[in-house]
Amino acid sequence: MANSPVPSLKVQKILRLEARARRLLTRYERALSRATRAKAQAYVLLDDASGLELSLTGTELSELRRARGEVPRVQPSPHSTPPTRSAK
């Protein structure tokens, strides 16, 4: 049997760092895959909610806005004048 030489400390350190980097990249790629799936699922749910929102009656839409904490926006009439700004 041939006796293989023991790698130097610097070589050992490089090998350890590379192994750790590979493990971290593997962990990152798995997490990214899970996050991508979760994001896709979230968008499906938001699309479902949006579709339901389009089918709401006026009363239901008001109820939804109140539940969300939204304030209904007041639309200016087409004949109203824009607010004037005072010059400083």
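### With respect to the overall build of the protein chain
Each helix and strand in the protein chain was counted, giving two helices and zero strands. Buried positions account for 0% of the 88 residues belonging to the protein chain. Approximately 9,000 Å² of the protein chain is accessible, and the part contributed by carbon and sulfur atoms is 59%.

### Re a positive patch on the surface
On the surface, R20, R22, R23 and R27 cluster together to form a positively charged patch. Topologically, R23 is positioned in helix 1 (residues 9-54). Classification of R23 as exposed rests on a relative accessible area of 55%.

### Some details on a nonpolar patch on the surface
A cluster of nonpolar side chains, contributed by L25, Y28 and L32, occupies part of the molecular surface with about 310 Å² of accessible area. Positionally, Y28 belongs in helix 1.

### Focus: the pattern of salt bridges
This structure, assessed with the given rule, holds two salt bridges. Note that E53 is salt-bridged to R68, the shortest N-O span being 3.1 Å. In this pair, E53 sits in helix 1 while R68 sits in helix 2 (residues 58-68), placing the two residues 15 residues apart along the sequence. On the accessibility criterion, R68 (44% relative accessible area) is partly exposed. Two residues, E70 and R68, come together in a salt bridge whose shortest N-O distance is 3.6 Å. When its relative accessible area of 37% is taken as the criterion, E70 is described as partly exposed.

About the criteria used
- Along each chain, residue indices are assigned from 1 in the same order as the chain's sequence is written.
- Where local features are concerned, this predicted model is filtered to residues with pLDDT of at least 70; where side-chain atom pairs are given and counted, the filter is 80 or more; whole-chain, interface and lining totals use all residues.
- Side-chain measures here rest on the full set of heavy atoms in the structure, leaving out hydrogens and waters.
- In this description a helix means any DSSP run of H or I spanning at least four residues, a strand means any run of E spanning at least two, and both kinds are numbered starting from the N terminus.
- For every residue, the accessible area (1.4 Å probe, protein chains only) is compared with the maximum for its type, and the residue is labelled buried under 20%, exposed over 50%, or partly exposed between those bounds.
- Only the protein chains shown count as covering a residue, and every accessible area follows the Shrake-Rupley method with a 1.4 Å probe.
- Patch definition: residues above 30% relative accessible area lacking any salt bridge, with like charges linked at up to 9 Å and the nonpolar side chains Val, Leu, Ile, Met, Phe, Trp and Tyr linked at up to 5 Å.
- The salt bridge criterion pairs a side-chain nitrogen of Lys or Arg with a carboxyl oxygen of Asp or Glu, the two atoms within 4 Å.
- Just so you know, the count uses Lys and Arg for positive and Asp and Glu for negative, and it drops His and the chain ends.
- Throughout, a charge is located at the NZ atom of Lys, the CZ atom of Arg, the CG atom of Asp or the CD atom of Glu.

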